[in-house]
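# Residue-level structural notes
Here are the chains, one letter per residue:
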Amino acid sequence: MTYREVTLPVSEEQADLLSDALMELGALSVSVEDRFGDTAQEQALYGEPGMPPPKGAWAQSLLRVLFADEAQADAALAALLAEDILPDLQEVQQSTVEDQDWVRLTQSQFQPVSIADALWIVPSWHEPPEVAAPIIRLDPGLAFGTGTHPTTRLCLEWLARQTPSQLSVLDYGCGSGILAIAAAKFGAGPVVGVDIDPDAVLATEANAAANDVSVQTGLPDKVADAQFDIVVANILSAPLKLLAPAIAAHVKPGGWLVLSGILDRQAEELIDAYAPYCALQIDKTLDGWVCLAGRAHP
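Residues numbered from 1 in each chain as written. Predicted model: local features only at pLDDT ≥ 70, side-chain atom pairs only at ≥ 80, totals over all residues. Heavy atoms only, no water.

### Quick look at the side chain of N207
Within the element layout of this structure, N207 appears in helix α6 (residues 198–210). Here N207 is in contact with L138, S176 and I181, once residues within four sequence places are set aside. (Helix = DSSP H or I, 4+ residues; strand = E, 2+ residues; numbered from the N terminus. Contact = heavy atoms within 4.5 Å.)

### Brief notes about the UniProt feature "binding site: S-adenosyl-L-methionine" (unreviewed entry) in the protein chain
The UniProt record annotates "binding site: S-adenosyl-L-methionine" (unreviewed entry) at T152, G173, D195 and N234. Within the secondary structure, G173 sits in the loop between β8 (169–172) and α5 (178–185). Discounting residues that sit within four places of it in the chain, G173 has contacts with V194, D195, N234 and I235. The topology assignment puts N234 in strand β11 (residues 228–234). Assessed through its relative accessible area of 17%, N234 is described here as buried. A polar atom in the side chain of N234 sits 3.2 Å from the side chain of T151. (UniProt positions renumbered as here; feature names shortened; annotations may be inferred. Buried < 20%, exposed > 50% of the residue type's maximum accessible area, 1.4 Å probe, protein only. Polar contact = N/O pair within 3.5 Å; in protein donor to acceptor, adjacent residues only side chain to side chain.)

### Re the pairing of strand β1 (residues 2–11)
Taking burial as the measure, the 10 residues of β1 include 8 buried ones, the bulk of the element. Relative to strand β4 (residues 93–98), β1 is paired through 6 bridges, and the arrangement is antiparallel. Among the inter-strand pairings, V6 is bridged to a residue of β4, identified as Q94. (Pairing = 2+ DSSP bridges.)

### Some words on the sheet that holds strand β6 (residues 119–122)
Within a sheet, adjacent strands bond to each other through the backbone by hydrogen bonds, running parallel or antiparallel. If you trace the 3 strands from one edge of the open sheet to the other, you get β5-β6-β7, paired in mixed fashion. Sheet topology places β5 (113–115) and β7 (135–137) at the edges, where each strand pairs with a single neighbour. Geometrically, the sheet is characterised by an average inter-axis angle of 20 degrees between neighbouring strands, direction not taken into account. Pairing between β5 and β6: 3 bridges, direction antiparallel. Considered in β6, the bridge of V113 is made with I121. (Axes fitted to C-alpha atoms, helices over the stretch in contact; angles between N-to-C directions.)

### So, the environment of A15
Checked against the element boundaries, A15 lands in helix α1 (residues 12–24). On the accessibility criterion, A15 (1% relative accessible area) is buried. Residues A15 and L63, spaced 48 residues apart in sequence, show a C-alpha to C-alpha distance of 7.3 Å.

### A closer look at the sheet that holds strand β14 (residues 289–296)
Strand order in the open sheet formed by 7 strands is β10-β9-β8-β11-β12-β14-β13, and the pairing between neighbours is mixed. This sheet does not close on itself; its edge strands, each paired only once, are β10 (216–218) and β13 (278–286). Taken over all neighbouring pairs, the strand axes of this sheet differ in orientation by 15 degrees on average, direction set aside. Pairing geometry for β8 and strand β9 (residues 191–194), over 4 bridges, is parallel. In the sheet register, V169 faces β9, and the bridge partner there is V191. Its contacts with the sheet put helix α4 (residues 150–162) on β11, β12 (251–263), β13 and β14, and the angle it makes with β13 is roughly 115 degrees.

### With respect to the environment of G261
Mapped onto the fold, G261 is located in strand β12. Its relative accessible area of 3% is what places G261 among the buried residues. Distance from G261 to C291, taken between C-alpha atoms, is 7.5 Å for residues 30 residues apart in sequence. Among all residues touching G261, those that are not within four sequence positions of it are T151, N234, I235, L236, S237, Q266, W289 and V290.

Take a look at the structure:
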């Protein structure tokens, strides 16, 4: 079975209008991409954790539209031209897409990941390797986090080096729960994961249960005035800076604070923001991202 794919370069303002129109004209799916993706001109659209991106399209976007066949694609384009929604077909392209096992194709992108030879992250569709290191079974989901992103790896590597056995750990902005689960696998306890996104809380609960570890979960108010030996927060620079007093308040005097989700150029700004509470330093860098770590003031 084959499908017909149509690609249309559009402006940010046109993206929503054309997407809706194409779905009404029988498109099976419409995706909006950065027209300059995978080039030096690529632009990221980042929203705050638990919030949607600041906008739904790029200044120069690309619509990738799937139709059942060429006849449906041609009819939809003709209708757009007739209604003056589409000015011309000059940059519109069509191609044939072969049907595939899309689930298997997606799964093939996620392979087992080794973290400093001390931990393995293994999707459920892979057989776990025969190693002595702890294994976390984790699939990509609503609260995405599989250990492959540099910020997650940096935090996992820090936990692997510290091996926080018998220490209390708070994963602030837990997402998929991977950091909380890793801490529990390394013998930490109690371990708590909090997030402002209820879907992330549910994902952490499910992933912890699937890995047979104990992680308490909830929204940030769950921890109230509680303090921990280690607090890990892998979110983004802006919320980390804004939440500095709240996050730092959860670290016991002399305890560890670990922050990631920070670009190289943002490191000094975050170190200064947390200086009243913790003596942060750059722990490691990876692909332009930084992990900061340090002990809270006594």
